[in-house]
Each structure stands twice: as structure tokens, then as C-alpha cells.
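Here's the letter readout for the chains.
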Amino acid sequence: MTDTIVSYLAKFGPFKDLLEFLTESYGANGPTLFAFLIFLVGVIIIVTILSTIGGLGTYAERKISADMQLRMGPNRVGPYGILQFLADGVKMLMKEDIVPKDVDRLLFFIAPMLALTGVFGTLAVIPFSSGFTLTDLNVGVVYLIGISSLVGLAIFLGGYASNSKWSMLGGMRGASQIISYEIPIVLSILAVVLLSGGLSFGVITRAQGGWPHEWFIFHNPFTFIGFFVLFIGSLAETNRAPFDLPEAESELVSGYHTEFTGMRFAFFALAEYIEVFVVCGVTAALFLGGYQVPFNLGGDTIWGQLLQLGAFFSKTLALYYFVIVIRWTLPRLRVDQLMTMCWKYLIPIALFNLVGAGVWMWLFKGKSLFVLLFKSGTAAAGIH
Amino acid sequence: MDYTIANIAPIVLLPFLAFVIGSFTAKKFPKFTGIMVCVAIFGSFLLSARIFADFVFNQYSADYYIHKTFTWFDLGPTFKLNLGIYIDQMSAMLLLMVSGVGFLIHLFATYYMGEDKRYARYMIYMSLFTAGMLGVALSDNLLSFFMFWEVMGFCSYSLIGFYYEREAPGDASMKAFMTTRIGDVFFLFGLLIVWNVTTQVNGQGSFTFVDLYNVIANGGFDGQMLLGIPLATFAGLCFFMGTIGKSAQFPLQIWLPDAMQGPTPTSALIHAATMVAAGVYLSLRVYPVLEAGHLLVFVSYIGAITAFGAATMALVQTDIKAVLAYSTISQLGFMVLGVGVGNYNAAFMHLITHAVFKACLFLSSGSVIHSLHDHHTGGHVQEMPRMGGLRKKMPYTAFVMVICSLAISGVPFFSGFVSKDRILGEALIMGLKNPVYSLPMVLGFVAALLTAFYMFRMIFLTFYGAPRDQELFDHCHTEKFSFNRNLPLLILSLFTLGLWYSGSLTGQGLVKFPGVENKEWFQTLIEKPDAHHLAKFKNYKSQAWGKVDVKPAIDFSKSHYDPTHGLSAEEAHHAHTLHLYGAVGSIFIAFLGIFLAYLMYIRKSLNPGWWATTFSGWYQTLKNKYYFDHFYIDVLIKKVLFKFQDFIAWVDMGIWDRIFIDGWANVNNFFSYWARKFDDVVVDTIGVDGTGAGVRFFNLVLRTLQSGKIQFYFVVIFLVMASYLLTLRVA
Amino acid sequence: MMGLASYLIISTILFICGVIAILARKNIIAILLGLELILNASALNFVAYTRFLNNSIDGHIFSLFIIVIAAAEAAVALAIVLRFYQIRETVHIDDATQLQG
Amino acid sequence: MFDLTLFFISAVLTVIGAIMVITTKDLMHACIYLLASFLGMAGLYLTLGADFVAAIQLLVYVGGVVILMVFAVMLTGGPHAQKQNKFGMIKTALMGNIRTYTIGGLTAVVVLLMMVKLYISIFKNYTAGELPNYLPTVERIGKSLITDHVLAFEISSVLLLGALIGAAIIARPRKNRIN
């Protein structure tokens, strides 16, 4: 609850006058009203942007997959088919909202909403830039993992509520997959937390520098492996690519959201794509230096913030691209392979990384490999 | 010379080690064992001789002594027992005599027992016995004295009963052991009294002679009464009973004649020279107690009666060894008489001289018996009536035996005369001075006469006259001079001459040798520890064993011969004249005895048969030893002891068992009856069954509670927690 | 309005709901749900007292431990219930009366 | 004002969730309401300034336990487990005999007394002092976990390991299933 977007904006002129005005008029709860307004506006902006990014995600995926398969991809709607997602959105809205018989009505309605709340909940902590993160909770990472596990529950409930065997199977698979991959993700994130010494995204990002050699990915061999474990885990977390068993078309039609039509399905699909973006953002923030700009151009000025935003978005979209590419290259895993991969490979590696990072911290006093090799102890002030 | 353990302890240890090693090698190497024993005894003889030389020849002082002790028991301040060795002039001489005579007897024994199949076993017991006797001579206190005393008792028992195939030696050894045991019991009482008194006086109980003498010197015994008798008298009596038992004095003399069942060297060593002498040595050592207890008169009476009685019995004996046995008893009587009469060093001298010639007599009688082999019975002949005229067959033995008989009968120039004459002289003085002593004096002189008579009776019966059993005589092969048979006898007979002991042929100074003062060692070196001589023991110091002797630092004054024996001139003259009369009297008696024997057995002018028939009553009494055995066995044991035994049995069975044991039984019954009653009623019905019923009831209640319904359990838990919280006093 | 009392009231309500859930429901898993509620109520109390009374961090730590152990307990309990179901074919609480006295 | 709204929302969420857990027939709905009450609890923790505990609450309960419960429900015969037991007897919640009711009533009374006693004492002598402002608690918790409560911390890690392995072994489907 420390430095949020509100505290950042309050530093600038116009917002400051607004603040004084509100404090005179509403007395004690003036600042809270001010914070509320700012949050309201901020949330609206971020949600709309992210939804468009989600939509563009679908577009991007179809375009890239087409490109990889030497075909055109959508180019009818808007220049180069850029507005394809809007068309899909309208289609979704127009579709008839079918509720199958004997469906657990309460859960049927709640499941999509839970998925969306889970995803949008995580937006609060994603560090777009030093100023524009909504709230830089000092338990940010833990909050994020907690909220994102809601999605897993939503998937399961969706599968269960639609009262059909296939969706039920899809739901069970999805839930178990998400839960089991949560562990390696948490462990690798812990490795980074260990290095940066704080749970909040701001602290972690500030602990990294602008240049790649200052990012955590190259900090020491253990975090390097940790990055890939996190990436694989996040793929599984978002039911993407090799791990997209829950909505494996070949076996379970489309898994847990077969019975959902219209806007409910849109929620699920949107939630999925936004979550991919969120996960890539988190990976970027943790390992690729987040909004850190080389030559530490970033700063409190608007331009600095914009530069930081640019850096963050470029890194995240790069990862996003990579995720999409993986979808069309790797074959789908069997369920037991999925499980053995998680429990017998990823988790041990993640544990090894965590211990390795700890030992590295203790052994080299937190200095990165680069600093150790190229700079004598005194010159570099050490990341930590 | 410095006295360390190395030159004192081996005297006792050598024969003892010979016994220990011998007991292992007895079966396999008998010959080796025999030789080993002789060498051991010779070793201790050399050491004793060395001590004797130092004591008598170069020190020559009456109060020169060595006293080394070590702590045997140390149980705190009240009970601390020190043992050790104490050598003064007397024990030095005794050591020399015992080891010397012992060695010669062992030498003879190798001849005498040579062919016996248990030869090694015999030699081992002999060496153990010698170790015991040497231990007695060396020990500085009554306890180790008593221990070695018992070792000797055991050896005499086992040696008497050596021929255990025959039944007689068994009985004899048992008899000897039992009678000496009676004496020892009283000796033990004496020990207890000494311990008690020394504890009272100097706080720390002790048995050593020196402490005993100091206690008596500063009046430890005075005024103490025990059962109405003054303690000193009682103690003296106890010790003297020890002597009576061991030296076969008047009441307990029955065992010595029977002890002749053992082999002759044993009789020579044990029942002539050493063991019986130990008894007299005991009374010599505890003389102050006897004197403090005013027992000297009693002692002299016992001595006189024994001497006379034994002499009379010896007259009628037909067995050569029996005669010698009784002569031993009477000579011991003379020694005790000497002690009683107060002539301390004469008694000791007679002990030494008697040991020498009696050992020689026994050994020679042994060689006689050994050579007389009866083909019919296969055994050796000891009966004098069957002997006679053996002089021709055994010239050496005959010669030796004659010399020793002359010594024992008190013929002048011989040691017997010197010592016996002094005893009789002192007895004469005391008898004239104090009428109480008159009977012992008369008995002493008559005994001396009889001694001379029966000794020469034996000589004439065996060696002179015609051989009465011709066949036996022919079988007896003539004697060739052999080292282990005849040499010891010759040496022993050599030492029966008087001049060794008194520096003058007659011992009375009739024929003096130049420089007689230091030859008269018996007279000068041995001091009677009577009342006023005890003072010197006050500053006696005992040394820790194992330390080199520091005695030479103190110079002991040389003592010299005092012709007046410490009496005033006029008394000395009076005593001297009386001694002269005594000497002349005893010489006359000796020759009279010999002449009578000559008349009776050679000239046959007196007919022994006549004497036997006219005094047949006396003859019979003498024959069966004044009926002592009869009196003891039939009267004392059968009539008195068995009756007493029955009485005790009656008391034990009748009173003790009936009242206490059985009585106690029905007390138990009573209690057990009520215990069972209580057990049935209370414990069973109430206790056991009661609890059973209780459990069943309680079970009912609990079962309903344990309904298995988990939610019900949760409610109960919740209820209990809530009520507990209710009780909490919330601040 | 946000005083200690309101928090205590909320935790009491939770506690009562937990107890009722345990007592009223016949399905073992429902009982476990009730149990979770009770544990949460107690954890809430701890945090509330830390906030309003002595602000020592121990309250937080204790509630953390409650959460951790409650999770472990839930896992084991459900494993047991699974095994019970495999053996008994039913999860009805009244069938689990084997430990009857 | 912001705190108040957060408090109001999470309190309502928690209480309604808890009550619905009891009243719903369907077990799955009970789990979801439980999830709602846990979310409410997290909110309450936030109002109490315990942000780390709220996060952990979210992570553990919302992320783990509820899903566990849902899985358990699915694996043991679904939400509408048959009301009657093996013998076909329909067991209603209120079945029981005099004994259970008496003890139930007794406990209700006792609990009521306890509550009354507690609240009286709280209202009587608890005065809301000046509340300390919110501080980030993560560092303090981390520090005290490692220093003061390290024993409990280590033991709970062992306990979790035990629970992990135990649960896995117990719930393993056995080869020889006894039907």
C-alpha cells in the first residue's frame, strides 16, 4: 500500500490542485476520495488497454501461425486484418447464450466471472513502469500467485458445472495441471525474491539494471535455469501450447468451455489471452529487468515513464511472440508426461535452483556473475 | 653381623619350601625329595650356626637381642597384630640344637626309611615339622608360637600315624593329637588373657614376649581376679597346661609311649629332642607369668611326680623304644622340676643336653631294631627279651648306646651329669630351705637312681649276655660303618661330653679348664627373667622387618661368669657347699643304679622274677601304667563324658525342642488360621469380586458415552472446552 | 466501527458457523469445511488482537502457522477420507463408527 | 473511508459465505461459498494491516485448500453424496435421540454464557487506543520467523513434509481394491 499510482501522480501540478480542492471540500476523507478517483480512472484505462491487447493477441496468434504455415491469416477486417478481434467480439455478443439442462446454474454463471476476476486481479500489481503500476504491494508476488490460482479453480468449476463428461475431464485436467505447475513457478520466483530481497515487483525490478548483463537472467547460472522453469510453468499455467490439454480439440472437443457459448466463452478466451500477457509481463519483470531502461533514462518525468513503458511492453511482447511461436511448433503432451514433467523434473530443478541461488548469494555476497568476472570487487557497487 | 630377612627367614622357610616342593615331587622323585629335604635342613643349620656364633662367641652379652616385626593385621587402632622374630641367647642356642640334631636325624632317616615305599612322604613331613620347631624357636610372640606349635602337633599326628595300614598307629596318632589338643586349648585361654591384659595396660593388644614382660614388670596382672583366682595364676596355669599337654607331663603323659608306633627317627626327632622340648621352652619363655602367679611350687611338684612315675614305669618295660619313651617323660619331668625349683638356665641346659643324647639313644635303638628282622612275621623285632649279645653284631651302635646311657644316667664328665646335677643341687637347696620343696627333692633323687638302673638294664638286656633268640641273632648281619647310619650317632655321642656345656669336666669347677669364664655360657648368657630382671625389657625396641639391623650402633656390654650367681658371698658359699653335696650324692646314686643293673642282669645275683612276684601288685600297676589309660578311658570318658553327653542331649531334645521349636509351631498355626479367615472374607469377597462388579457397572455408563459417533465426540469436546473457558477469570 | 469488537463478532460468527457445519452436516468433507472455518476464525482473532492490542508481530506469525498447518491437516484429512471412501464406499459420518466403545 | 468500504465488503463476504456454507445442500456450492468467505477473510486481514498474512491466505486457502476440497468432493462420490448409508437408511441431519439434544442444548447454553462473559469483559475494559498506522509487515515477519520462532518454523517444515508424503501414500489407490 506504499507507493501506488496515486502517490506518483500526486507529485504533478494539476493533480496536486485537485487534491487540495478535495481535501478542503471533504476534509479528512479527501485524500481517499482523490485516491479512489485516480484508481477508478487508472483501472478503466488499464482494463481497456489490456482487453485490446488480449484481442490483438488472438489476432497476432492467427497472423503468426498463418505466417509460419506460409498462409495469409486474417486480412479482411481492417488493414491487414488488424480489427479481426473486434469482429470476433461482436460475433460473441451476437451469439445465443445457451445454458444446457441440469447444469449447476450458480457455478455455470460464476466460473467465467471467476476466471476474469482472477486475471484482472493480477493487473493491479503488474509493474508497467515505476509510476504506472497500480499498487506496488510489498507482497505483490505472493498476491499475484494467489489470485492467479483462482483461474485454475474457475477452469475446474467451468468443467464441472457444464454437466458433461468431456468438459468434466477437461476441467479436472486443467485444475490439476495448473495446481501442479504452480509449485515450480513459485519456487523459481522465490529464487528471484531471494536475490532481490523483496516481494514487491518494484523492488525486484529496481534490483535489476537496464543493461542485459544487469538483468537477473544473467545474474547467475541458477537464475538462468530459473527463467526457463518459470517460462515453461507459465505456459502450463495458461494452458498454452504443449500443455493445452484441457481444451485439446482432438480429444475433448474444446475441453472445459465446450458448453459455454457467447459472452461466457468470450470471458474465458479473453481471460486466457490476458493471462498470457500477464504471465509474460511477470516473467519479463522478474528476469528481464522489467521497465528498466539502459542509460537509466527512466525516471519520474513523463518521458522517463513512457520510455519505461516502452521497455516493459517490448520485452513482454517479445515473450508473447515466443509463446505463440511455441504453440505451433511443439506437439501436445500426454497427461502422464505432463505430470511426470512437472513433478519429476521441473520441481527438483526448481528446488535445486532455489538452493543454488541461496548458496550463490551467501558465497559471492549477491554479486552477479558479470560483476565477478569483469569488474574487481571494489569497482562495481554490486547489484544488491 | 647385620641381620636382614635374607639371613633369618630362610631358617624357617628352607625346610617349609622343601616340604612344599617335596609334596609335588614326592611320588615321582622320592630319592631327590629326600636329598632336597636334607640339604634344606643343612641350610638352616648353617644359618643357625652363623647366628649362634654371632650371639655366643663374639657378642657374648646376656642382653643382646634381635627383634624384627612386621604388621600382619591392622584393623584400626584397637586391633593391630604384629608378628616377627625375636632372637636372644636362649633361642640362638635352641636354634642351633634343633637344626643340628634335626639334620643328623634326617641323615639317619635317609638310611632308616630308605626302602620304605612312602619314603618321600615321610621326609616331607619331617621337614615340615622341623620348620615348625624352628618357627617356635624364632617367633617373638605367643600367637606365631602357638601357630608353629600347632604345625608341630599336626606333623606329630601324621608321623605317628605313618604306617596307616595297621590300626594301632592310627589310634596312637589320634590319642597323641587329642591329649596335646587339651593342653593347647588352655594355651589358647592363656593367649586371650595376655591379649586382654596388654590391651588394658597399654591400650594396644599385643602377644609379644617383650610387651608381656613389660606388662608384668609394671604390675599389669596385680589385683585382677578371674573366677576367684588371681589372673596371673590362672594365666600361668593355662600356659603350664600347654606344657603338660605337649611335654607329656603328669596328667597327660599317656600319649608319648603310644607315640612309639611311629618310625624311630620320628620318635627321635619329635618325641625326644624337639617337640616335647617346645613345651618346656614355652614355660621358660612365660616364666615371669608363672612367677607372678606363684605357681613355681606346683610346677616343681608336677615335674617331680612325672619324673618319678615315668622312671618307675620304665623299669618294667620290655620294648626297647618304650623304655626310652618313659625315660624321655622322666627327663622332661626333671626339666620342669628345674623350672619349678628356679634353676632357669640349668633347666634349659638339661633341655639341650637331653635332646642330644636322647636323640642318639633313639637312633641307635632304631638301628638295632632295623637290623633285627624276624622272618616269620616279616616285621622288625623290638622286644628286649628276644635280644641279647648284640654287641658282637653291632659294635658301633653298642658303643654309642653305652656312651649315651652313661650320659643320661648322670655319670660325671658327661653332659647329663652336668645339667641334671645342677637341677638336683638347686632342688636340694630349695628343699632344705623350704620344707614344701622337700618331696620334689626326694622324688628327684630317687628318679635319678631309677634312671641309671633302667638304662643299664636296657643296655645289658640288648647288648650283653647270651642271645636269647638264636635264630634272630643269626639273621642279624654284622654292622658295617656307613655314613648315614653310624656317622650321625658318633657325632651326637661326641656332643654328650660335659665340657661343651660347662667348660669343666664335672661342671662343678672341680676340674677347671683355663679361661673357663666364657665356656660357661649356659650359666652366664641365659638370665632368668624373674621380677628384678624384667626392667631391662623396658627399652627394648622392635625394628620394622626388612630393614637392615641398626643394632650394632648400640654396643652391648660383655657379661662375665659370676660364680656367686648374684647371691651374697655367704649365701653363695652355703649354696656352693650344698651343690657339692648334691653332686657327690648324684654321682653315688648313678653308680649305685648301674651296679644294681649289673647285679641283676649280668651277674644275675638278683632275680628280676623275684622282684616281680614279691611286689606283684606294684609290678602289675607299673605294667599297665598306673592304670592311667584305664582311668581315662573307662572312668573319665565312659562314665563322666558319656553321661554328660546324655544329659546335654536330654536338655536339647526335651526342653529346647519341645518348648521353643514346637511351641513356636502352634503360634504359627494360630496366626495362619486367622490370616486365612481374613483373606477369605475381606480380600476375596469385598476386594476382588467387589471391584469386578464395580467395573461392570462403570462399563455400562462408559459404553453409552463411546457411541462411535464422531460428531457426538466433537460436541463433548466442545462442551468441555466451553465450560473450561467459562471458569477462566477473564481480566 | 472497525474496532476490535466487530472483528471478534465476525470471528465468533465464523466459529459458530464452523461448529454448526461440523455438527449438522453428515458428509465428512462438509465437516472438514466446518473445521477450516473454525481455524480461520481463530487466525482472524490473532491478527485482530495484534492490530488493536500490542502490535507485536507474533500474532501474524501464529496465524501464518495456523494457515500452514490447517492446509497440511486438510491434505491429510482428505487423503484419509479418500481411503475411507475406497474401503467403505461411503463418506457418511455415521458409518465411521468402528472405534465404538 | 477506503478502509471502511474494504472492511464492510470483506466482512459481508465472509459472514454470508460462512452462513451459506452451512445452509447449501449442494457440497460444491458449499466449497464455493467457503472460497468466498476465505476471500472475505483476506480482505479483513488487509484492513487489519496484515498484508503478508492476507497474501498467504489467498495463496494457501484460495489457491490450495478449496481446490483440494473440490477435488475431494469429486473423488468421493460427487456433491450429492447419497443421503442414506449402506443399509439404505436415509440419515437426516436432525436424526438423533434425547441424549444428543440434551448435550447439544447444554453446550449451546454454556457457549452462550462464555460468549457473554467474554464480550462483557472486552466491552468493559477495552478502549480503542490510537491505532498505529500501517507498516509493511513482511520484513518484520521474516525476521522474527527466523530469529524468535525458528523452532516452530523448522518443525512446521518437517510437519509439512510429513503431511505431503503421508497424504500421498494414504490416498494412493491400492492395487487390491476391496469393493
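Note that this is a predicted model, so its numbers are computed, not measured. (Residues numbered from 1 in each chain as written. Chains lettered and ligands numbered in written order. Predicted model: local features only at pLDDT ≥ 70, side-chain atom pairs only at ≥ 80, totals over all residues. Heavy atoms only, no water.)

1. Things to note about the overall build of chain B
Looking only at helices and strands, chain B has 27 helices and five strands in total. Residues classed as buried in chain B amount to 54% of the 731 residues present. For chain B, long-range pairs separated by at least 24 residues make up 79% of all intrachain contacts whose partners lie at least 6 apart in sequence. Carbon and sulfur atoms provide 72% of the accessible area of chain B, an area that totals close to 31,500 Å². (Helix = DSSP H or I, 4+ residues; strand = E, 2+ residues; numbered from the N terminus. Buried < 20%, exposed > 50% of the residue type's maximum accessible area, 1.4 Å probe, protein only. Contact = heavy atoms within 4.5 Å. Areas by Shrake-Rupley, 256 points an atom, 1.4 Å probe, with all protein chains shown as cover.)

2. Focus on the overall build of chain D
Looking only at helices and strands, one finds six helices and zero strands in chain D. Helices and strands appear in chain D in the N-to-C order α-α-α-α-α-α. Counting over 179 residues, chain D shows a buried share of 44%. On chain D, roughly 9,600 Å² of surface is accessible, and the fraction owed to carbon and sulfur atoms is 76%.

3. With respect to the sheet that holds strand E5 (residues 543-544) of chain B
All names here are of chain B. The three strands lie next to each other as E2-E1-E5, forming an open sheet whose pairing is mixed. Strand pairing shows two members of the sheet lacking a second neighbour, strand E2 (79-87) and E5, which therefore form its edges. Examined bridge by bridge, strand E1 (residues 66-75) and E5 share two bridges and lie parallel to one another. Among the inter-strand pairings, Lys68 is bridged to a residue of E5, identified as Gln543. (Pairing = 2+ DSSP bridges.)

4. Here's the deal with the interface of chain B and chain D
Contacts between the two partners involve 13 residues from chain B, matched on the other side by 12 residues from chain D. When the two sides are added together, the surface that chain B and chain D hide from each other amounts to roughly 1,200 Å², 82% of it contributed by carbon and sulfur. At the junction of chain B with chain D, the criterion picks out zero salt bridges. One can count one residue pair in polar contact (both at pLDDT 80 or more) joining chain B with chain D. (Buried area = accessible area lost by both parts, 1.4 Å probe. Salt bridge = Lys/Arg side-chain N within 4 Å of Asp/Glu carboxyl O. Polar contact = N/O pair within 3.5 Å; in protein donor to acceptor, adjacent residues only side chain to side chain.)

5. Overview of the packing of helix H2 (residues 30-59) of chain B against helix H4 (residues 119-138) of chain B
Two packed helices can be described by the angle between their axes and the distance between those axes. Residue and element names in this part refer to chain B. Their axes nearest at 8 Å, the elements H2 and H4 cross at an angle of 15 degrees. Overall, the two elements H2 and H4 adopt an arrangement that is roughly parallel. Helix-helix and strand crossings are classified by hand; for H2 and H4 the assignment is left-handed. Together, Pro30, Lys31, Thr33, Gly34, Val37, Cys38, Ile41 and Ser44 of H2 and Tyr119, Ala120, Met123, Ile124, Ser127, Thr130 and Leu134 of H4 make up the contact between the two elements. In terms of residue class, the contact of H2 with H4 is made up of nine nonpolar, five polar and one charged. (Axes fitted to C-alpha atoms, helices over the stretch in contact; angles between N-to-C directions. Parallel < 35°, antiparallel > 145°, perpendicular 65-115°, else oblique. Left-handed = near helix turned anticlockwise from the far one by under 90°. Nonpolar A, V, L, I, M, F, W, Y, C, P; charged D, E, K, R; others polar.)

6. Quick look at the packing of aromatic side chains
Tallied over the full model, the rule gives 69 aromatic pairs over all chains. Ring centres of Phe128(A) and Phe312(A) lie 5.7 Å apart, and the angle between their planes is 80 degrees; this geometry places the pair in the edge-to-face category. One end of the pair, Phe128(A), is in the loop between helix H5 (105-123) and helix H6 (140-161); the other, Phe312(A), is in helix H12 (residues 302-327), with 184 residues separating them in the sequence. You'll find Phe128(A) and Phe312(A) in the same group, each marked buried. Ring centres of Phe146(B) and Phe187(B) lie 5.1 Å apart, and the angle between their planes is 85 degrees; this geometry places the pair in the edge-to-face category. Here Phe187(B) lies in helix H6 (residues 167-202) and Phe146(B) lies in helix H5 (residues 142-160), a separation of 41 residues in the sequence. Comparing Phe146(B) with Phe187(B), the two get one shared label, buried. Put simply, the rings of Phe145(B), Phe146(B), Trp149(B), Phe187(B), Phe209(B), Tyr213(B), Phe239(B), Tyr281(B) and Phe537(B) touch in pairs and so form one group of aromatic residues. Above the face of the Phe162(B) ring, Arg118(B) is positioned so that its terminal group lies 4.8 Å from the ring centre. (Phe/Tyr/Trp six-rings, centres within 6.5 Å; stacked < 30°, edge-to-face > 60°. Lys NZ or Arg CZ within 6 Å of the ring centre and 35° of its normal.)

7. Observations concerning the interface of chain C and chain D
Listed as interface residues are 69 residues of chain C and, on the opposing side, 77 residues of chain D. Here chain C meets chain D over a buried area of about 6,600 Å², counting both sides, of which 75% is carbon and sulfur. The interface formed by chain C and chain D includes zero salt bridges. At the boundary of chain C with chain D, the tally comes to 10 residue pairs in polar contact (both at pLDDT 80 or more). At the level of secondary structure, the elements contributing two or more residues to the side of chain C that touches chain D comprise helix H1 (4-24), helix H2 (28-54) and helix H3 (58-88) of chain C. Per element, the largest residue contribution to the side of chain C that touches chain D is 25 residues, and it comes from H3(C). In terms of residue class, the side of chain C that touches chain D is made up of 49 nonpolar, 10 polar and 10 charged.

8. As for the confidence of the model for chain D
Do not read the fine detail of predicted coordinates wherever pLDDT is low. Averaged over all residues, the pLDDT of chain D is 82; the fraction at 70 or higher stands at 86%. As scored by the predictor, the complex reaches a pTM of 0.53 and an ipTM of 0.74. (pLDDT = per-residue confidence, 0-100.)

9. A closer look at the pairing of E1(B)
Residue and element names in this part refer to chain B. Relative to E2, E1 runs antiparallel, the two sharing nine bridges. Following the sheet pairing, Asp74 is matched in E2 by Lys80. In this structure, the hairpin formed by E1 and E2 is closed by a connection of three residues, where Gly76 is found at a positive phi of approximately 90 degrees.

10. Overview of helix H4 (residues 98-125) of chain D
Working note: α-helix, 3.6 residues per turn, so residues spaced by three or four point in the same direction. The first and last C-alpha atoms of H4(D) sit 41 Å apart over 28 residues, in line with the 40 Å expected at 1.5 Å per residue. For H4(D), every residue scored as buried is listed here: Ile103(D), Thr107(D), Val110(D), Val111(D), Met114(D), Met115(D), Tyr119(D), Ser121(D) and Ile122(D). Where H4(D) is buried, its residues meet helix H27 (710-727) of chain B together with H1 and H2 of chain C. (Expected span 1.5 Å × (residues − 1).)

11. Observations concerning the environment of Glu237(A)
All names here are of chain A. Locating Glu237 in the fold gives a position in helix H9 (residues 221-237). Judged by its relative accessible area of 5%, Glu237 is buried. The spacing of Glu237 and Glu272 is 35 residues in sequence and 9.8 Å in space, taken between C-alpha atoms. Among residues more than four places away in sequence, those in contact with Glu237 are Ser148, Ile178, Tyr181, Glu182, Ile185 and Glu275.

12. Overview of the side chain of Ser283(B)
Residue and element names in this part refer to chain B. Mapped onto the secondary structure, Ser283 falls in helix H11 (residues 275-285). In this structure Ser283 comes out as buried when scored by relative accessible area, which is 3%. Apart from residues no more than four positions distant in its own chain, Ser283 is found in contact with Thr243 and Leu290.

13. Some thoughts on the nonpolar core
Formed by 215 residues in total, the largest nonpolar core has its most connected members in Leu94(B), Leu142(B), Phe221(B) and Phe348(B). At 17 residues, helix H15 (residues 344-371) of chain B tops the list of elements feeding residues into this core. Leaving out residues up to four positions away in the same chain, Leu94(B) has contacts with Met133(B), Ala137(B), Tyr281(B), Phe348(B), Leu351(B) and Ile352(B). In this structure, Leu123(A), Cys17(C), Ala41(C) and Tyr33(D) belong to the second largest nonpolar core, which totals 192 residues. (Core = buried A, V, L, I, M, F, W, Y, C linked by side-chain atoms within 4.5 Å.)

14. Examining the packing of H5(B) against H6(B)
Residue and element names in this part refer to chain B. Viewed as axis vectors pointing N to C, H5 and H6 meet at an angle of 175 degrees, and their least axial separation amounts to 9 Å. With respect to each other, H5 and H6 are oriented roughly antiparallel. Here H5 contributes Leu142, Leu143, Phe145, Phe146, Trp149, Glu150, Gly153, Phe154, Tyr157 and Ile160 to the contact with H6, which in turn contributes Pro169, Ala172, Ser173, Met174, Ala176, Phe177, Arg181, Asp184, Phe187, Leu188, Leu191 and Val194. Here the contact of H5 with H6 is built from residues that sort into 17 nonpolar, two polar and three charged.

15. Side note on unusual backbone geometry
Excluding glycine, a negative phi dihedral is what most residues carry, and trans is how most peptide bonds are arranged. Even without being glycine, Lys365(A) reaches a positive phi, approximately 55 degrees. Along the chain, Lys365(A) turns up in the loop between helix H13 (335-364) and helix H14 (369-374). The residue Tyr627(B) is not glycine, and still its phi comes out positive at about 55 degrees.

16. Structural notes on the pattern of salt bridges
Here the idea is simple: oppositely charged side chains can pair when their charged atoms come close. Scanning the model with the defined rule gives 17 salt bridges over all chains in all. Arg327(A) is the salt-bridge partner of Glu61(A), the closest N and O atoms lying 2.6 Å from each other. Placement of Glu61(A) in helix H3 (residues 30-68) and of Arg327(A) in helix H12 is noted, with a sequence separation of 266 residues between them. Note on Glu61(A): relative accessible area 3%, which makes it buried. Of the residues examined, Arg327(A) reaches a relative accessible area of 24% and is grouped as partly exposed. Note that Arg386(B) is salt-bridged to Asp469(B), the shortest N-O span being 3.1 Å. With Arg386(B) in the loop between H15 and helix H16 (395-409) and Asp469(B) in the loop between helix H18 (438-463) and helix H19 (470-475), this pair connects stretches of sequence that are 83 residues apart. A single network of salt bridges, built from pairs that share partners, joins Lys175(B), Asp258(B), Lys625(B) and Asp629(B).

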